[in-house]
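What follows is each chain in one-letter form.
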Amino acid sequence: MLKYLVILLDEKSVSFCHYENPVKENKLISKEDLKAGILFAMKENLNIQFVYPSEELPKEYSEIINTIDHSDIKPISKQRADVLICNSVTEFSNNEINKEQVYVIRTKKEDFFTNLSLLKKNIFKVQRVNMVLTDIDTFSEKDFEKYKEALKELSLETEKQIGKGGFSQINILTDRIMLKQMNNCNAGAEVITLAPNGKFYVCPAFYLEDEKQSIGSLSEGVNIKNAQLYQLDHAPLCRICDSYHCKRCVWLNKKTTFELNTPSHEQCVVSHLERNAAKDLLLKTQIFDNEIKEIDYLDPFEVREQW
Ligand code: SF4
């Protein structure tokens, strides 16, 4: 059942996930489509998340937006929003950090590994950070090793913070500690996106990849072909997996395996390294009443016969 509607206010709306937005020219959603999108969300009882470009919106757009309860996703340059987006660890660290804010740090592996110390220094100053590795599909065996070590370092810092009575949420480390069931992106199942062209998409990545991949429009409504493919119970590996925090990105699945419901080896291994780091942190801190089992694989595909 749909729960959320993401509305891209402009062609240049900031990316908050794995995909890149290469668009250089602003093109706002029309005021009519913005109003119709809000009405659609009201009728379907959906929570709205507006995604902004760096440029200021005309005043009349802000007035329309403020007619409904919503969340704002903005580039870090805007300084205030429900979620602020940065495109590297350095960009995050070089900006004035507000401890009340939630941040998304989109980063490539090299940026992440190189600037780990900077990240450790600043990440614990805020209430929540979502790390998004945008080149996860390029991880090699060597990168997996480096990532495992990096997670250990972040875990040690988290342990120290907990020892001092603090706790910052870092999705790749602490989400799994708190979760007892799957909590994934759910694009196409619980979340859809309204693009500036007035059409619906599974998520912004599908829109930016090819406008023809729409799943309906404001005038025709939503029509998701093979909708079951976006559901957890039709994802043979994910449905028996306990990396509950994994994004389970259907766009990455399609890009890497050509199947919406089949993840890549890289996505699974990275998620399992995070899961295992969370398990060790939970054992050491007992900060939540949860249990994460010891397992001997990093990719559920390796043990598919056991299931
Ligand atoms: S780790 Fe792999 S199998 Fe598990 S939820 Fe993530 S994508 Fe699915």
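Preceding block: the structure.
As a starting point, this report considers the structure included with it. Not measured: the values here are computed from a predicted model. (Residues numbered from 1 in each chain as written. Predicted model: local features only at pLDDT ≥ 70, side-chain atom pairs only at ≥ 80, totals over all residues. Heavy atoms only, no water.)

### Looking at the overall build of the chain
Scanning the chain for helices and strands turns up 10 helices and 11 strands. For 307 residues, the compact-globule estimate of 2.2 N^0.38 gives 19 Å, and the C-alpha radius of gyration of the chain, at 19 Å, lies within 12% of that figure. Expressed as a percentage of the 307 residues in the chain, the buried residues total 53%. At a minimum sequence separation of 6, the contacts of the chain that also span at least 24 residues come to 63%. Computed over 40 positive and 47 negative side-chain charges, the inter-centroid distance for the chain is 2 Å. (Helix = DSSP H or I, 4+ residues; strand = E, 2+ residues; numbered from the N terminus. Rg over C-alpha atoms; globule rule 2.2 N^0.38 Å. Buried < 20%, exposed > 50% of the residue type's maximum accessible area, 1.4 Å probe, protein only. Contact = heavy atoms within 4.5 Å. Lys, Arg positive; Asp, Glu negative; His and termini not counted. Charge placed at Lys NZ, Arg CZ, Asp CG, Glu CD.)

### Digging into the site of the ligand
All residues in the neighbourhood of the ligand are listed as Met182, Leu237, Cys238, Cys241, Ser243, Cys246, Arg248, Pro263, Cys268, Ser271, His272 and Pro300. When grouped by side-chain class, the residues that make up the shell around the ligand number 8 nonpolar, 3 polar and 1 charged. (Near = heavy atom within 4 Å. Nonpolar A, V, L, I, M, F, W, Y, C, P; charged D, E, K, R; others polar.)

### Side note on helix α9 (residues 250-257)
Three or more residues of α9 are buried, namely Val250, Trp251, Leu252 and Asn253. Buried residues in α9 make contact with α8 (204-209) and α10 (265-285). Where α9 ends, the next residue or the one after it, Phe258, has phi of about 65°, a positive value.

### Quick look at the nonpolar core
Soluble, globular proteins show a tendency: their nonpolar side chains are buried together. Formed by 86 residues in total, the largest nonpolar core has its most connected members in Leu34, Phe50, Phe112 and Tyr147. The element that contributes the greatest number of residues to this core is α10, accounting for 7 residues. Residues in contact with Phe50, not counting those within four places in the same chain, are Ile7, Leu9, Leu34, Ile38, Ile65, Ile68, His70, Ser71, Asp72 and Ile73. (Core = buried A, V, L, I, M, F, W, Y, C linked by side-chain atoms within 4.5 Å.)

### Quick word on the side chain of Asn261
When you line up the elements, Asn261 lands in the loop between α9 and α10. Those residues in contact with Asn261, other than ones at most four positions away along the chain, are Leu229, His234, Ala235, Pro236 and Asn253.

### Digging into the environment of Asn87
Residue placement: Asn87 occurs in the loop between β4 (83-86) and α3 (89-94). Distance from Asn87 to Val104, taken between C-alpha atoms, is 8.4 Å for residues 17 residues apart in sequence. There is a polar contact of 2.6 Å between the side chain of Asn87 and the side chain of Arg106. (Polar contact = N/O pair within 3.5 Å; in protein donor to acceptor, adjacent residues only side chain to side chain.)

Just geometry here; none of it tells us what the structure is for.
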